[in-house]
Amino acid sequence: MNKVPEIWYQGQRVLRTIVAVYIPALFVFNAALPQLIVALGGVLPPSAIAWLNLFAVAVAAVAGTISKIMAIPIVNSWLTTIGLGSVPRKSPEAQLTPDEREADANAGR
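Residues numbered from 1 in each chain as written. Predicted model: local features only at pLDDT ≥ 70, side-chain atom pairs only at ≥ 80, totals over all residues. Heavy atoms only, no water.

## Focus: the overall build of the protein chain
So, point 1. Tallying secondary structure elements over the protein chain gives 5 helices and 0 strands in all.
So, point 2. Split by element, the accessible area of the protein chain, about 7700 Å² in all, is 69% carbon and sulfur. (Helix = DSSP H or I, 4+ residues; strand = E, 2+ residues; numbered from the N terminus. Areas by Shrake-Rupley, 256 points an atom, 1.4 Å probe, with all protein chains shown as cover.)

So this is what it looks like as structure tokens:
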């Protein structure tokens, strides 16, 4: 398996994923879904909005957890082999061993 460089700023990436998922989930569960339910003839009780907000938080938390799992080096290496890793599948960095990367970095000084 190719050597894939470790992901930088894993915590920041997780937080960015949470925000990126939470904002649309908040919109869907607070604006679009209640209007759809009312348009279909249903009545949305006031407590449902609170539950929908809780569900939006849960969706964002699950996305953040998945993002953190994807940042684990062995998982990221596997994701790279199928084209979903932090570097392109054919990336020159993905082809180098850590020692080769360090030698390249020292040669560039």
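## Regarding a nonpolar patch on the surface
So, point 1. Nonpolar side chains collect at one region of the surface, where Val62, Ile66 and Met70 lie side by side and expose about 260 Å² of accessible area between them.
So, point 2. Here Val62 shows up in helix α2 (residues 46-70). (Patch = residues over 30% accessible without salt bridge, like charges linked within 9 Å, V, L, I, M, F, W, Y side chains within 5 Å. Salt bridge = Lys/Arg side-chain N within 4 Å of Asp/Glu carboxyl O.)

## Re the packing of aromatic side chains
The geometry of an aromatic ring pair comes down to the distance between the two centres and the angle between the two planes.
So, point 1. Evaluation of the coordinates by the stated rule reveals 2 aromatic pairs.
So, point 2. Summarising the aromatic geometry, the rings of Trp8 and Tyr9 are spaced 6.2 Å apart at their centres and angled 85 degrees between planes, so their arrangement reads as edge-to-face. For the residue pair Trp8 and Tyr9, the accessibility class agrees, reading exposed in each case. (Phe/Tyr/Trp six-rings, centres within 6.5 Å; stacked < 30°, edge-to-face > 60°. Buried < 20%, exposed > 50% of the residue type's maximum accessible area, 1.4 Å probe, protein only.)

## With respect to the packing of helix α1 (residues 10-39) against α2
So, point 1. Running from N to C, α1 and α2 point in directions that differ by 155 degrees, and their axes come no closer than 8 Å. By the angle between their axes, α1 is roughly antiparallel relative to α2. Where α1 crosses over α2, the two elements pack in a sense that is right-handed.
So, point 2. The residue makeup of the contact of α1 with α2, split by class, is 17 nonpolar, 6 polar and 2 charged. (Axes fitted to C-alpha atoms, helices over the stretch in contact; angles between N-to-C directions. Parallel < 35°, antiparallel > 145°, perpendicular 65-115°, else oblique. Left-handed = near helix turned anticlockwise from the far one by under 90°. Nonpolar A, V, L, I, M, F, W, Y, C, P; charged D, E, K, R; others polar.)

## With respect to unusual backbone geometry
So, point 1. For Tyr9, which is not a glycine, the phi torsion comes out positive at approximately 50 degrees.
So, point 2. The topology assignment puts Tyr9 in the segment before α1.
So, point 3. Accessibility expressed as a relative area gives 59% for Tyr9, which makes it exposed.

## Some words on the environment of Val28
So, point 1. Inspection of the secondary structure puts Val28 in helix α1.
So, point 2. C-alpha of Val28 to C-alpha of Leu52: the two residues are 24 residues apart in sequence and 9.2 Å apart in space.
So, point 3. Val28 has contacts with Leu33 and Pro34, leaving out every residue within four places of it along the chain. (Contact = heavy atoms within 4.5 Å.)

## Some details on the confidence of the model for the protein chain
So, point 1. For the protein chain, per-residue confidence averages 82 on the pLDDT scale, and residues scoring 70 or more make up 83% of the total.
So, point 2. Mean pLDDT per element in the protein chain: helix α4 (residues 92-95) is the minimum at 55, and α2 is the maximum at 91. (pLDDT = per-residue confidence, 0-100.)

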